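Architecture at a glance
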Amino acid sequence: MTPVRLDAHDGVLVITLDRPTANAVDAATSHALYEGFDRLRRDRSLRAAVVTGAGERFFCAGWDLKAAAGGEAVDADHGPGGFAGLTELFELDKPVIAAVNGLALGGGFELALAADLIVADAHAEFALPEVKLGLIADSGGVLRLPRRLPRAVATELLLTGRRLGAVEAAGWGLVNEVAERPETALERALALAHTLREGAPLAVAAVKEVLRVTEHLGVEDAYARMRHTHLPRYRAMLNSEDALEGPRAFAEKRSPHWSGA
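Residues numbered from 1 in each chain as written. Predicted model: local features only at pLDDT ≥ 70, side-chain atom pairs only at ≥ 80, totals over all residues. Heavy atoms only, no water.

1. Concerning the overall build of the protein chain
Counting its regular elements, the protein chain contains 11 helices and 10 strands. In terms of overall size, the protein chain behaves like a compact globule, its C-alpha atoms giving a radius of gyration of 19 Å where 261 residues would be expected to give roughly 18 Å. With respect to the three principal axes, the spread of C-alpha positions in the protein chain is 60 × 40 × 35 Å. For the protein chain, restricting intrachain contacts to residue pairs at least 6 apart in sequence, the fraction spanning at least 24 positions comes to 64%. For the protein chain, the exposed surface amounts to about 13100 Å²; the carbon and sulfur share of it is 55%. (Helix = DSSP H or I, 4+ residues; strand = E, 2+ residues; numbered from the N terminus. Rg over C-alpha atoms; globule rule 2.2 N^0.38 Å. Contact = heavy atoms within 4.5 Å. Areas by Shrake-Rupley, 256 points an atom, 1.4 Å probe, with all protein chains shown as cover.)

2. Observations regarding the nonpolar core
Phe37, Val96, Val100, Phe126 and Leu145 are the most contacted members of the largest nonpolar core, which totals 47 residues. Ignoring sequence-local partners within four residues, the contact set of Val96 consists of Phe37, Leu40, Ala49, Val51, Leu86, Ala115, Asp116 and Leu117. Counting residues in each nonpolar core, the second largest holds 10 residues, with Ala48, Ile97, Leu117 and Ala189 among its members. (Core = buried A, V, L, I, M, F, W, Y, C linked by side-chain atoms within 4.5 Å. Buried < 20%, exposed > 50% of the residue type's maximum accessible area, 1.4 Å probe, protein only.)

3. Remarks on the sheet that holds strand 5 (residues 96-100)
One open sheet accounts for six strands, arranged 1-2-3-5-7-10; its pairing is mixed. Unpaired on one side and paired on the other, strand 1 (4-9) and strand 10 (177-178) mark the two borders of the sheet. Most of the contacts of helix 1 (residues 27-42) go to strand 2 (residues 12-17), to which it runs at about 175°, and overall it touches strand 1, strand 2, strand 3 (48-53) and strand 5. (Pairing = 2+ DSSP bridges. Axes fitted to C-alpha atoms, helices over the stretch in contact; angles between N-to-C directions.)

4. Quick notes on the side chain of Glu110
With respect to the helices and strands, the residue Glu110 is situated in helix 3 (residues 107-114). Of the side chains with opposite charge, Arg144 comes closest to the buried, unpaired Glu110, at an N-O distance of 7.3 Å. A distance of 2.9 Å separates a polar atom in the side chain of Glu110 from the backbone nitrogen of Ser139. In contact with Glu110, not counting residues within four places along its chain, are Thr87, Leu128, Glu130, Ala137, Asp138, Ser139, Gly140 and Gly141. (Lys, Arg positive; Asp, Glu negative; His and termini not counted. Salt bridge = Lys/Arg side-chain N within 4 Å of Asp/Glu carboxyl O. Polar contact = N/O pair within 3.5 Å; in protein donor to acceptor, adjacent residues only side chain to side chain.)

5. Focus: the side chain of Thr29
On the secondary structure map, Thr29 appears in helix 1. What makes Thr29 buried here is its relative accessible area of 2%. Residues within four places of Thr29 in sequence aside, it is in contact with Pro3, Val4, Leu17 and Arg19.

6. A look at the packing of aromatic side chains
The tally for this structure, following the rule as stated, stands at one aromatic pair. With a centroid separation of 5.2 Å and 50° between ring planes, the pair formed by Phe109 and Phe126 is classed as tilted. Taken together, the residues span a long stretch of sequence, with Phe109 in helix 3 and Phe126 in strand 8 (residues 125-127) at a distance of 17 residues. With relative accessibility at 1%, the residue Phe109 sits in the buried group. Relative accessible area serves as the criterion here: at 0%, Phe126 is assigned to the buried category. (Phe/Tyr/Trp six-rings, centres within 6.5 Å; stacked < 30°, edge-to-face > 60°.)

7. Some words on helix 5 (residues 151-160)
Along helix 5, the residues that are buried comprise Val153, Ala154, Leu157 and Leu158. Each buried residue of helix 5 sits inside an arc of 130° when the element is viewed along its axis, so together they form one side. Every exposed residue of helix 5 that faces more than 90 degrees away from the buried side is listed here: Arg151, Ala152 and Leu159. In this structure, the buried residues of helix 5 make contact with helix 4 (141-148) and strand 9 (164-165). Looking one or two places after helix 5, you find Gly161, whose phi comes out positive at around 75°. (Arc of directions from axis to C-beta.)

8. Focus on the pairing of strand 1
Both strand 1 and strand 2 contribute to a ladder of six bridges, which runs antiparallel. By the bridge assignment, Ala8 is partnered in strand 2 with Leu13. Where strand 1 folds back on strand 2, the antiparallel hairpin that results is connected by two residues, among which Asp10 adopts a positive phi of roughly 55°.

If you want it as structure tokens, here you go:
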């Protein structure tokens, strides 16, 4: 059975990690996940992706410790996208939503952090327990979490490995939405993905690009970087047909027809 299922519908690619019983990720699974995210990047008909886990208990339990015990190296080749296919895929210019349907542990939490948005079921929990295994969360956890949470909270999670519930995570702004009905994170993530499709493709790509290159800068320096350096997606958006189509459609009181050009 393939460890990753890909299903495309109406411009949204659903990437489902399916490795019973815990959806853990070994090197081969990382490569398979990357193939999904690379398909999102290359296929012009796809506008967004939702990544989720099969079953109801685990989104992803992180690194496959059984594979590690069997000899897979901690620095094994996980492919061009890094661990889980996404954690080091920095220039993906289409949005990814993590539909966290259960436990997101270790690398599973890091996979969710690498997504642009997170929707979680109410029973979902997040944790980075690597220090209890003699490791650190170096597939993005130790780097991304302090940028997403208050430093003291992020440091506590990294040092203790305690679990963070979905509601608490939403309270800190880490989770965009907690699904109101049980086990509907995927449904809500798909609804959000289809909302994202309403934006112009080049504008969405430009948002991701500008965020990526300016988030570590102060506002004045960020303006300078955006206005005076070559940001290809931002420049393409400014000079696009879609930048003309949007105002026209507004003036004509109709929905815009995006060409992606």
